Amino acid sequence: MSLAYTAEEQVAVAAVRRACQLTSSVFNKLVKNETLVKGDKSPVTVGDFAAQAVISSILHHAFPADPIVGEEDASDLRAESGKEMKDRIVALANEAITAELGLGDNANWGIGPGQAKSDTELLDAIDRGNYEGGRIGRMWTIDPIDGTKGFLRGEQYAVCLSLIVDSKVQVGVIGCPNLPVDPANPEKGVGCIFVAVRGQGAQQLTLSGANPTPLTIPASTPETFNFLESVEAAHSSHSFNDRVSSLLNITRPPTRMDSQAKYGCLARGDGGAYLRMPTGVGYREKIWDHAPGQILVEEAGGIVTDSRGEPLDFGLGRTLGENFGVVAAGKADHPRLLAAVQKALGEAKAKA
C-alpha cells in the first residue's frame, strides 16, 4: 500500500532544497559583497522573489491545479522601474531551476539543465501566490525567506513550504541552510531540511536530501528545559516569556533565533518549548509562518496550540484569525506550559 502524499513530499523537498541553494547564493554574492543598495533593491527582496518563483514554478509543473498562498507578488517587477531587479531575480531563479538533478529530483517538475524559464513564466509563478486561502480543498503555503534579519546577519532563517488540505496541514518542509546539523558535533557542519507528513512522523535530512533521521521530541528535565524564542522583541514578547519562565522555575536562558528554525530545533530537542506571544493589539499571524512548523512538531510528538489551548486554524484565509499566540512543546510539557501562559495572561490583564 502506498503512503499518502508521497509525491507531494518529494516535490516539496526538491523545491525547498533548490530554494535553499538559491538563498545561500544570494547571501554569498550580494549580502557579503553589498553589491545592492538597501531598500527596494535589498538582497533579501531579491532572494524572496527568486525563491518564491522557483518553488511556485516547481509546484505548478507537478500539481498545476493547486493554488498557492505566498508572501510575495510581482506587480512592482512588471513596471519599467522594476526591470533591474526583475532581471536579477530571473537570473537567480533560472540558476537554481537549471542546476543538475539531485537526489529524488524529476525533470518533469520543470527542473534541470535546459529548463530555464522566461521572464513572464517566472513573474507568473510569483503571482500564483496570491490565493486567499479557505477552508476547503488543497493549497500550498510558501515563505521563501522566513527570518529576514537572521538572513542578512548570516544567522538563522528558513525556507518554508506546506500543503494544507481542507484546513489541515498534511505536509511540511522547512529548509535551514545555516542551522547546525548536530549542535553537539559542530564538525558535521550546517544546513538541514526538516520534513513531516501527517501520520508518518518527522525527520531531518541533509541539504542534499540524504541521511533521513527520525525526530522525536525527547523528555525534558528542569535542567534542560528552556524556551526557543525570536531574536527581535518586536516579534514576540520577551518580557512575557520571562514571566512564564519564572512561573515554571526555568533556569536556563532562552535560545533566540529567527524563523521557523525554532520549530525544527524543538522537534529534535534543542529546546523545550516555542512560545510566541504577540506584542501588539490586533496582530494576526500569517499561516505560512506556522503551518510547516505545526505539523513538524506534532509529528515529532509535540502539541501546538494558541494561548487559549485552541488548535491553530489554517482555514480562515491568509492569517490565523483569532488564534492568540503560539504555544508549542512536547506532550508531557505542554499542559503545564499552557497553564503558566494563561496565569501570566491573567496577571497582565489584572494590571491593565
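Residues numbered from 1 in each chain as written. Predicted model: local features only at pLDDT ≥ 70, side-chain atom pairs only at ≥ 80, totals over all residues. Heavy atoms only, no water.

Describing the packing of aromatic side chains
Within this structure, the stated rule accounts for five aromatic pairs. Ring plane angle 70° and centroid distance 6.1 Å describe the contact between Phe27 and Phe151, whose orientation is recorded as edge-to-face. One end of the pair, Phe27, is in helix α1 (residues 6-31); the other, Phe151, is in helix α6 (residues 148-153), with 124 residues separating them in the sequence. When the ring of Phe225 is compared with that of Phe227, the centres are 6.2 Å apart and the planes differ by 70°; the resulting orientation is edge-to-face. Classification of Phe227 by relative accessible area gives buried; the value is 1%. The rings of Phe27, Phe151 and Tyr157 are connected pair by pair, giving a single aromatic cluster. Across from the ring centre of Phe63, 5.4 Å away, lies the NZ or CZ of Arg138, which sits over that ring. (Phe/Tyr/Trp six-rings, centres within 6.5 Å; stacked < 30°, edge-to-face > 60°. Helix = DSSP H or I, 4+ residues; strand = E, 2+ residues; numbered from the N terminus. Buried < 20%, exposed > 50% of the residue type's maximum accessible area, 1.4 Å probe, protein only. Lys NZ or Arg CZ within 6 Å of the ring centre and 35° of its normal.)

Here we look at helix α4 (residues 83-97)
Over its 15 residues, α4 runs 21 Å from end to end, which matches the ideal 21 Å to within 8%, given 1.5 Å per residue. All buried positions along α4 are accounted for by Met85, Lys86, Ile89, Val90, Leu92, Ala93, Asn94, Ala96 and Ile97. (Expected span 1.5 Å × (residues − 1).)

Considerations on the sheet that holds strand β12 (residues 326-330)
Strand order in the open sheet formed by five strands is β9-β8-β10-β12-β11, with mixed pairing between adjacent strands. Unpaired on one side and paired on the other, β9 (255-256) and β11 (302-305) mark the two borders of the sheet. Two elements, strand β8 (residues 227-229) and β9, share two bridges in a ladder whose sense is parallel. Its bridge partner being in β9, Leu228 is matched across the sheet by Thr255. Packed on one face of the sheet, helix α9 (residues 291-299) meets β11 and β12 and runs near 145° to β11. (Pairing = 2+ DSSP bridges. Contact = heavy atoms within 4.5 Å. Axes fitted to C-alpha atoms, helices over the stretch in contact; angles between N-to-C directions.)

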